[in-house]
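Working through the structure, step by step
Take a look at the letters that make up each chain.
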Amino acid sequence: MNKPSARLQLAREAKAIVALAFRNGPIESLHAGTPCPTCAGKSGYSRITDSDMAGIMSNAVDHVYALLLLKDENPDKYESQIQFGLRYTINWDEPRTPPRQ
């Protein structure tokens with residue numbers, strides 16, 4: 001099997017990490033709920049509480065940390081986790097480089 005280019009490898013890792021750290025975490029419970037009839041589709045309304053946001057970020061940091069530890073300490077298991085995460089990303093767009101701040 002040919003090894004993917006460095007950028008392709010980073011793109012697949014980014015997508016898998018986001019799936020594992022965000023999509024399959026507390027944000028999925030928020031997403032699964034019924035849309036707010038008052039604020040649905042309207043910008044300027046907060047749809048996530050501070051407590052929800054803290055939980056989402058804490059979960060994401062914990063999962064990204066665990067994945068980075070695996071990448072360093074057990075590359076085979078890390079790759080297995082990336083493969084698992086990629087199952088959720090089949091229809092996702094490819095990542096783009098954000099504009100510089």
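Note: the structure precedes this text.
Below: a short report on this structure. The residue numbers shown here count from 1 along each chain, following its written sequence. Only residues with pLDDT of 70 or above have their local features reported here, since the model is predicted, and side-chain atom pairs are shown and tallied only from 80 upward, although totals for entire chains, interfaces and linings are computed over all residues. Only hydrogens and water are set aside; all other atoms, that is, all heavy atoms of the structure, feed into the side-chain values.

On to the pattern of salt bridges, then. Salt bridges, as used here, are contacts in which a Lys or Arg side-chain nitrogen is within 4 Å of a carboxyl oxygen on Asp or Glu. All chains considered together, the criterion is met by three salt bridges. The partner of Arg12 in a salt bridge is Glu79, with the nearest N and O atoms 2.7 Å apart. Of this pair, Arg12 sits in helix α1 (residues 6–23) while Glu79 sits in helix α4 (residues 75–86), and the two are 67 residues apart along the sequence. We note a salt bridge from Lys71 to Glu13, for which the minimum N-O separation is 3.0 Å. Of this pair, Lys71 sits in helix α3 (residues 50–73) while Glu13 sits in helix α1, and the two are 58 residues apart along the sequence. Relative accessible area decides the class of each residue, using a 1.4 Å probe on protein chains only: under 20% of the type maximum gives buried, over 50% gives exposed, and in between gives partly exposed. With relative accessibility at 37%, the residue Lys71 sits in the partly exposed group. In DSSP terms, a helix is any run of H or I states spanning at least four residues, a strand is any run of E spanning at least two, and both are numbered starting from the N terminus.

In this section: the environment of Leu8. Its place among the elements puts Leu8 in helix α1. Residue Leu8 is classed as partly exposed on the basis of its relative accessible area, which comes to 47%. Along the chain, Leu8 and Glu94 lie 86 residues apart, while their C-alpha atoms are 9.5 Å from each other.

So, about α3. Residues spaced three or four apart along an α-helix point in a common direction, a consequence of the helix completing one turn every 3.6 residues. Multiplying one less than the number of residues by 1.5 Å gives the expected span of a helix. If you check α3, its first and last C-alpha atoms are 34 Å apart, about what 24 residues at 1.5 Å a residue would give, namely 34 Å. Looking at the packing, one finds that the buried side of α3 touches α1, α2 (26–32) and α4. We call two residues contacting when some pair of their heavy atoms lies within 4.5 Å.

Turning next to the nonpolar core. In these notes, a set of buried Ala, Val, Leu, Ile, Met, Phe, Trp, Tyr and Cys residues joined through side-chain atoms within 4.5 Å is what counts as a nonpolar core. Grouped together as the largest cluster of nonpolar side chains are eight residues: Ala16, Ile17, Leu20, Leu67, Leu70, Tyr78, Ile82 and Leu86. Residue assignment for this core shows that the elements contributing at least two residues are α1, α3 and α4.

A pair of Phe, Tyr and Trp rings is counted when the ring centres sit within 6.5 Å of each other, with Trp represented by its six-membered ring. The angle between the planes then sorts it: under 30 degrees is stacked, over 60 is edge-to-face, the rest tilted. Inspection of the entire model under this criterion finds one aromatic pair. Taken together, a centroid distance of 5.7 Å and an interplanar angle of 85° make the contact between Phe84 and Tyr88 edge-to-face. Overall, the relative accessible area of 31% leaves Phe84 in the partly exposed class.

Our focus in this paragraph is the environment of Glu79. Using a relative accessible area of 26% as the deciding quantity, one classes Glu79 as partly exposed. Apart from the residues lying within four places of it in its own chain, the contact partners of Glu79 are Gln9 and Arg12.

As a further point, take the layout of surface pockets. We place a 1 Å grid over just the protein atoms. Points where a 1.4 Å probe fits but has no way out form a cavity, open points with protein on both sides within 12 Å along at least 5 of 7 lines form a pocket, and any residue with an atom within 4 Å of a point lines it. Grid points are joined across faces, edges and corners, and a volume is the space filled by probe spheres set on the points. The space that makes up the largest pocket amounts to roughly 270 Å³. Taken together, Ile27, Leu30, His31, Gly33, Thr34, Pro35, Cys36, Cys39, Ala40, Gly41, Arg47 and Ile48 make up the full set of residues lining the largest pocket. Along the lines of polarity and charge, the residues of the lining of the largest pocket split into seven nonpolar, four polar and one charged. Under the scheme applied here, ten amino acids are nonpolar (Ala, Val, Leu, Ile, Met, Phe, Trp, Tyr, Cys and Pro), four are charged (Asp, Glu, Lys and Arg), and all others, including Gly, are polar.

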